[in-house]
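This is what each chain is made of:
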Amino acid sequence: MVTIVCYSTSVDAQNMSVENKVKPAFKDYFGLPRASVFLHLNKSAYVKGEEIWFKGYLYNRLKGIPFKEPLNLYVGVYDSNGNQIKKELFISENGISQGQIIIDSTFTGGLYYLKATTSWMRNFKEDDSYVQQFKVIEGAESVVENGKGDIDVQFLPEGGHLVAGVQGTVGVKVLNELGYGINGMEGHVKNKFGDSIASFTTNRFGLAKFDLLPKRNMRYTAYIKNGNGNEERILLPSTKEKGIGMLIKRISSSRIMILLGTNPVTRSEIGNKSYSLLIHRDGLLKNMEVNFPPKEHYVSYILDNSELHKGMNIVTLIDNRGNPVAERLVFNSNGFENGKLSSSLKILEKDSVQFTLFNNKNSDSLQFLSASILPLGTQAYQHKKNILSAFSLSPYVRGFIEHPSYYFTETSTEKENALDLLLLTQGWSRFDWKNIFDNPPVKTYDFKTGVDLYGKLNFKLPKNHELILYPGDIMEPKKIDIKHAQDYFKLDNYYFEKGTELKMTVVDANGRLSRPNLYMRINDGVSADKVYETRRENHRIDIIGGIGRYSLKDFILPKNTIELEEVIVTEKKEKRRFTSPIIDESRLTLVTKETVGNYPQLLDLIRSSGFNIWEMPNTGYDRIRITSKRPSRFSLTPPSPRLYVNDIPYADFNILQDFPTESIVSYFIDRSGNGEPGAAGGVIRVYTGERGESGIGSYSDATPDPNFFTYTLKSGFTPIKEFYVPKYRSYSDEAFINFGTIHWEPNMVIDNRKAAIVFDAKGWTEFEIFIEGMGNDGTLFSTRKTIRLDSSQ
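Here the structure is a predicted model, which is why all the values come from computation and not from measurement. (Residues numbered from 1 in each chain as written. Predicted model: local features only at pLDDT ≥ 70, side-chain atom pairs only at ≥ 80, totals over all residues. Heavy atoms only, no water.)

A. Representation of the overall build of the protein chain in the model. Regarding its fold elements, the protein chain presents ten helices and 46 strands. A total of 793 residues make up the protein chain; the buried ones form 53% of that total. For the protein chain, the share of sequence-separated contacts (at least 6 apart) that also reach a separation of at least 24 residues comes to 71%. A total of about 36,600 Å² of accessible surface is found on the protein chain, and carbon and sulfur atoms cover 48% of it. (Helix = DSSP H or I, 4+ residues; strand = E, 2+ residues; numbered from the N terminus. Buried < 20%, exposed > 50% of the residue type's maximum accessible area, 1.4 Å probe, protein only. Contact = heavy atoms within 4.5 Å. Areas by Shrake-Rupley, 256 points an atom, 1.4 Å probe, with all protein chains shown as cover.)

This is the structure:
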């Protein structure tokens, strides 16, 4: 045996397939950045009337930092068979997203799935969508069939195969008929002569391993008892007469050994042929030359952790033509650690509690966290995945992982060994070498952000007329460019929310408005899909004692939810943007009852602001004339002010005839023009209510404006709500302890090494707090804290 302590990445190595085949293939296959997504749900079990509150994190696996590119995030809900029920659209910016989905009356008790994906992910063969199970609980628990006790036993040679005469390791999986591991299953292996040569006992996930030196033309049989107590016999995979075996084991906390072995027949055929070991992940690649010394059947390599990639490593042996021979996944925890947080609770007054998080690492980078605060003893948080497993384990494993977050929670040597056993039994990685060499991804889908608006004109737009889009309170009015003789338009990548009221009008050269005749539709990119392999994803959410022991009737009073909705919408309507960058909300004057009493008509208010007004009703075009009282240096005629109503410019003042002041909410009037182009005679801006709401009275929006085409969006981005605690029947009974919510905070930002929030404790002094998060520097956080208030505070 020859031991090589370090390895070379020299391009002068004999195995040129790395330079000529592997590296070009990696460049093509992993050239497009790949994102992994994780959703932190505030709970795993919900009652009708609650909302699923979530924080989304998108991660650039190659760079190990948040996925900075803005993306549409599609979050769908699926039933227990994987069929889509609904799908919502949210936005991810700088790797962060958030939202909510209500558990309404359409849900029945049972298991459901939440799936998060992006259109960008559709470019790749591997599906990087995130799937998370949740449960809706009702008065009765669905019965889960335990099955007949049948078991599935699999034997998985390390590296991919057993080679005659080569020392190897065999992984074991013992699963029940639902695909979950069976703990404590004992078995033994015999050769064809009945000699017992190995034994094993499965861990909590049904996994085990044993060493084996297989002989040529020898079949091996494993004996194990099934759930009914009957002994089953299972043949091990057949032994190959030729090949190279791979064995990887950790020999210390900082080093691993890679052992490659072959037999005399294979060794003679190898001759002086060179092999290469590839150590790679997401396109990152290190390689070292492998040469079997003369007359030697084994060669080993000892590598320091620093010579591996942080986190997951895919170790592949290739021959001199670039063909993969053996492969194994190895996790390097050196430099990969869960961010450490400490915390404190402080009573402010009554039930108001301040929760503070401290970053134990001295870092200037911002850390973005989400926290679910539940009563101590809750059964409503049983997630089997966390941000660490979602970004560092699942993207590389081909098969099902029963409890991914187990390996990254309160880590220990025992759990590191369990993770290595999992990787041994998973076999080759998720990335298919045939695809890597022959089917690189094609950039068919771009970084989709926003929604697309399509319009079809059912009239010919006259010359010198403009089509104006007025999207209410979400953005400034926009002129739509329509080419000559063109009768359609498309607006790409707009942030339109569901329920937004879009208005369109045609403005002629004199500023007169008219209603356009057109057809509009919106494309938000939402499409129907499924969740596959639901049976394997069915992580059981077990309720101690069964649902029947808890009184869930009228657990949530729905009226309060409706009231809170109204508060949220009102808050949203307060946001205003204006066409003039000089004008903001602070410069507007609000209309009061006193204003209306003093100036019943809007013209009265304008006159009092220092303008000349002539009213000439029924005399033709200029029924209303307004001019400045300040003479102009360039004309004998006093200039007129610019008039805007809801940021739409008007070329004349006729709209002000019989215009009551009570119909407006706020106004800005300036005789100097406020520096606006073309406003030497002053500027008048008035704002009526939006979306049917008028000012003090009920005037302008009581009936639709005949000059505008109105289109209400039935699709688009789901508006983000501010978290609220449902109106529970009780905050102290057993049902609330197990299924209630105290607080959800999606936006904790650690700056200066700490972040604090304040919440209503609802009379509780003991809490379980579940925290997930990601920093700008790529640090990942996942922790669970049990915290009690000090009664002396």
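B. Representation of unusual backbone geometry. In this structure, asparagine 94 takes a positive phi of about 55° despite not being glycine. If you trace the backbone, asparagine 94 turns up in the loop between β7 (84–92) and β8 (96–102). Taking the relative accessible area as the measure of exposure, asparagine 94 reaches 47% and is therefore partly exposed. We note that aspartate 658 has phi near 55°; this positive angle belongs to a residue other than glycine. On the secondary structure map, aspartate 658 appears in the loop between β39 (648–650) and β40 (664–670).

C. Quick peek at the packing of aromatic side chains. Using the criterion set out here, one finds 35 aromatic pairs in the structure. Between tyrosine 494 and phenylalanine 496 the ring centres are 5.3 Å apart and the planes differ by 20°, which places this aromatic pair in the stacked class. Given a relative accessible area of 14%, tyrosine 494 falls into the buried group. Through pairs of rings, three or more aromatic residues link up here, namely Phe26, Tyr29, Phe30, Phe431, Trp433 and Phe437. Cation over ring: lysine 21 sits above phenylalanine 437, and NZ or CZ is 4.4 Å from the ring centre. The lysine or arginine in question, arginine 625, covers the ring of tryptophan 614, its NZ or CZ lying 5.4 Å from the ring centre. (Phe/Tyr/Trp six-rings, centres within 6.5 Å; stacked < 30°, edge-to-face > 60°. Lys NZ or Arg CZ within 6 Å of the ring centre and 35° of its normal.)

D. Here's a closer look at helix α4 (residues 413–426). In a regular helix each residue adds 1.5 Å, so 14 residues correspond to 20 Å; α4 covers 20 Å between its end C-alpha atoms and thus fits that length. Among the structural elements, β11 (151–157), β12 (168–176), β15 (207–212), β23 (311–318) and β24 (324–332) are those in contact with the buried residues of α4. Immediately downstream of α4, the backbone of glycine 427 shows phi near 75°, a positive value. (Expected span 1.5 Å × (residues − 1).)

E. Highlighting the nonpolar core. Among the nonpolar cores identified, the biggest contains 68 residues, and Leu39, Val75, Leu114, Phe134, Phe391, Leu393 and Tyr407 are the most heavily contacted of them. Once residues lying within four places of it in the same chain are set aside, the contact partners of tyrosine 407 are Phe205, Leu393, Ile401, Lys415, Ala418, Leu419 and Leu422. Formed by 38 residues, the second largest nonpolar core is a distinct cluster that contains Leu552, Phe555, Ile556 and Leu789. (Core = buried A, V, L, I, M, F, W, Y, C linked by side-chain atoms within 4.5 Å.)

F. Spotlight on the sheet that holds strand β6 (residues 71–78). In spatial order, the strands read β3-β10-β9-β6-β7; together these five strands make up an open sheet with mixed pairing. Every interior strand has two partners, whereas the edge strands, β3 (45–46) and β7, have only one. With five bridges joining them, β6 and strand β9 (residues 110–117) adopt antiparallel strand pairing. The partner of tyrosine 78 across the bridge, within β9, is tyrosine 113. (Pairing = 2+ DSSP bridges.)

G. Main features of the side chain of asparagine 435. Its location among the elements puts asparagine 435 in helix α5 (residues 433–438). Aside from chain neighbours lying at most four places away, what touches asparagine 435 is Tyr29, Lys125 and Pro440.

H. Fine view of the pairing of β12. Counting buried positions over the nine residues of β12 gives eight, a clear majority of the element. Here seven bridges tie β11 to β12, and the two strands are oriented antiparallel to one another. From the neighbouring strand, proline 157 faces β12, where its bridge partner is valine 170.

I. A look at the pattern of salt bridges. Applying the stated criterion across every chain yields a total of 31 salt bridges. Between aspartate 508 and arginine 512 there is a salt bridge; the shortest N-O distance is 3.1 Å. On the accessibility criterion, aspartate 508 (15% relative accessible area) is buried. Judged by relative accessible area, which is 36%, arginine 512 ranks as partly exposed. One salt-bridge network, in which partners are shared between bridges, spans Arg61, Asp128, Arg281, Asp282 and Arg430. (Salt bridge = Lys/Arg side-chain N within 4 Å of Asp/Glu carboxyl O.)

J. Quick look at the sheet that holds strand β25 (residues 341–349). The three strands are arranged β25-β26-β44 in an open sheet whose pairing can be described as antiparallel. Each edge of the open sheet carries a strand with a single partner, namely β25 and β44 (754–760). Adjacent strand axes in the sheet meet at a mean angle of 20°, parallel and antiparallel pairs treated alike. As judged from the seven bridges shared by strand β26 (residues 352–359) and β44, these two strands associate in the antiparallel manner. Opposite leucine 357, over in β44, you have alanine 755 as the bridge partner. (Axes fitted to C-alpha atoms, helices over the stretch in contact; angles between N-to-C directions.)

K. Highlighting the confidence of the model for the protein chain. With 87% of its residues at a pLDDT of 70 or more, the protein chain has an overall mean of 86. Across residues 1–13, where pLDDT falls below 50, the model places 30 contacts with residues more than four positions away in sequence or in other chains. When the criterion is pLDDT under 50, residues 690–702 qualifies, and its contacts beyond four places in sequence or with other chains add up to 35 contacts. (pLDDT = per-residue confidence, 0-100.)

L. A look at helix α1 (residues 17–29). The complete set of buried residues in α1 reads Ser17, Val18, Val22, Ala25, Phe26 and Tyr29. Those residues of α1 that are buried lie in contact with β20 (275–281), β21 (284–290), β23 and α5.

M. Quick peek at the environment of glutamate 745. Inspection of the secondary structure puts glutamate 745 in strand β43 (residues 743–750). Distance in space between the C-alpha atoms of glutamate 745 and tryptophan 53 is 9.3 Å, their sequence separation being 692 residues. Among all residues touching glutamate 745, those that are not within four sequence positions of it are Leu369, Ser370, Ala371 and Ile757. Within polar-contact distance, the side chain of glutamate 745 engages the backbone nitrogen of asparagine 747 at 3.0 Å. (Polar contact = N/O pair within 3.5 Å; in protein donor to acceptor, adjacent residues only side chain to side chain.)

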